[in-house]
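Single-letter residue listing:
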Amino acid sequence: MTIERATLSDTVAREIIDEIKQRRLRAGDEIPAEGELAERYGVNRLAVREAIRTLVARGVLVSSQGKRARVATPSPAVLRQILEFRLSQKSMDLRDLLDTRRVIECELARRAAARVAAGHGSTAEAERALDIMSGANGSPEAFIAADLAFHQALSDLAESEVFSFILTAMNGALLDARRASYRGREERGKGQDATIEAHRRILDAITAGDPERAARAMADHVEETGHDLGL
């Protein structure tokens, strides 16, 4: 197979991805050597090297000096960078991002409650995060870190890999928004107790194994966050 030279490195990158899929390579597995790939695709080794660099930048491969490139562990880091960049360029609206969070987190809360109802999983990590929020003692960063940990715990409990992946990527883009909502609550005179209570309602519904109540409680929480942000 000979590849057209107009889009050489991008085309080689796509071929490498196809090869990873066809060979069912997993994280940590090596891909074929540069020379082998160059001969297979009918290109020079420089084109293969550039393609590998591109895939390393995308988080598909990891590479170290003198060793074959290996398949990377999937990471939301690249998607996170894209979301943060688009927000900074005003090509993405915070309201849209919050709406996306509502859709994802309501479904995660619903699935988490359903799993608990079926006797699977534990809410211990979410309980621990909520305890930390309650004991943050006016420290915004400690409170926000525990807030993120709470939502991550529910995501883990729901066992939805795609939703969890997207939500983790969004956390970076929404970090400044979380700080702003923290300030917004104080300016509205509601304090952090209202947020803790909102999280408690979500967790109580999940612990009770009530998917619809859990989803409603999450929707109410995200809506309040929107109010804190002035949306």
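Look up a bit, the structure's there.
Residues numbered from 1 in each chain as written. Predicted model: local features only at pLDDT ≥ 70, side-chain atom pairs only at ≥ 80, totals over all residues. Heavy atoms only, no water.

Trainee: Got a sec to walk through empty space enclosed by the protein? Specific residues and values, please.
Mentor: Under the counting rule described, the total for this entry stands at one cavity of 30 Å³ or more. When its volume is computed, the largest cavity comes out at roughly 80 Å³. As for the largest cavity, its lining consists of L98, R101, D147, L174, A177, R178, S181, R185, T195, H221, T225 and L229. At the level of elements, helix 5 (94–117), helix 8 (161–187) and helix 10 (211–228) are the ones that each hand at least two residues to the lining of the largest cavity. With five residues, the single largest contributor to the lining of the largest cavity is helix 8. (1 Å grid on protein atoms, 1.4 Å probe; cavity = no way out; pocket = protein on both sides within 12 Å on 5 of 7 lines; lining within 4 Å. Points joined across faces, edges and corners; volume = space filled by probe spheres on them. Helix = DSSP H or I, 4+ residues; strand = E, 2+ residues; numbered from the N terminus.)

Trainee: Requested: an account of the side chain of H199, with residues and values cited.
Mentor: Turning to its location among the elements, H199 is positioned in helix 9 (residues 193–207). Of the residues examined, H199 reaches a relative accessible area of 0% and is grouped as buried. In terms of polar contacts, H199 uses its side chain to reach the side chain of H151, at 3.1 Å. Once residues lying within four places of it in the same chain are set aside, the contact partners of H199 are L130, M133, D147, F150, H151 and H221. (Buried < 20%, exposed > 50% of the residue type's maximum accessible area, 1.4 Å probe, protein only. Polar contact = N/O pair within 3.5 Å; in protein donor to acceptor, adjacent residues only side chain to side chain. Contact = heavy atoms within 4.5 Å.)

Trainee: Residues and numbers for the nonpolar core, please.
Mentor: By size, the foremost hydrophobic cluster in this structure holds 40 residues, and its most contacted members are L97, F150, L154, I202, I206 and M218. Among the elements of the structure, helix 4 (77–88), helix 5, helix 6 (124–134), helix 7 (140–158), helix 8, helix 9 and helix 10 are those that each provide at least two residues to this core. The leading source of residues in this core is helix 5, at eight residues. Each residue touching F150, except ones within four places of it in the same chain, is listed here: A126, A129, L130, H199, I202 and L203. Residues L8, A13, V43 and A47 belong to the second largest nonpolar core, which totals 18 residues. (Core = buried A, V, L, I, M, F, W, Y, C linked by side-chain atoms within 4.5 Å.)

Trainee: Quick one: what's the story with the layout of surface pockets, residue by residue and with numbers?
Mentor: In this structure, the largest pocket spans a volume of roughly 410 Å³. As for the largest pocket, its lining consists of 17 residues, and the residues nearest its centre are G59, V60, A72, P74 and S75. Going through the elements one at a time, helix 1 (8–22) and helix 8 are the ones with two or more residues in the lining of the largest pocket. With three residues, the single largest contributor to the lining of the largest pocket is helix 1. Its volume calculated, the second largest pocket comes out at about 270 Å³. If you go around the second largest pocket, you meet 15 residues; those closest to its centre are E34, I52, S63, K67 and A69.

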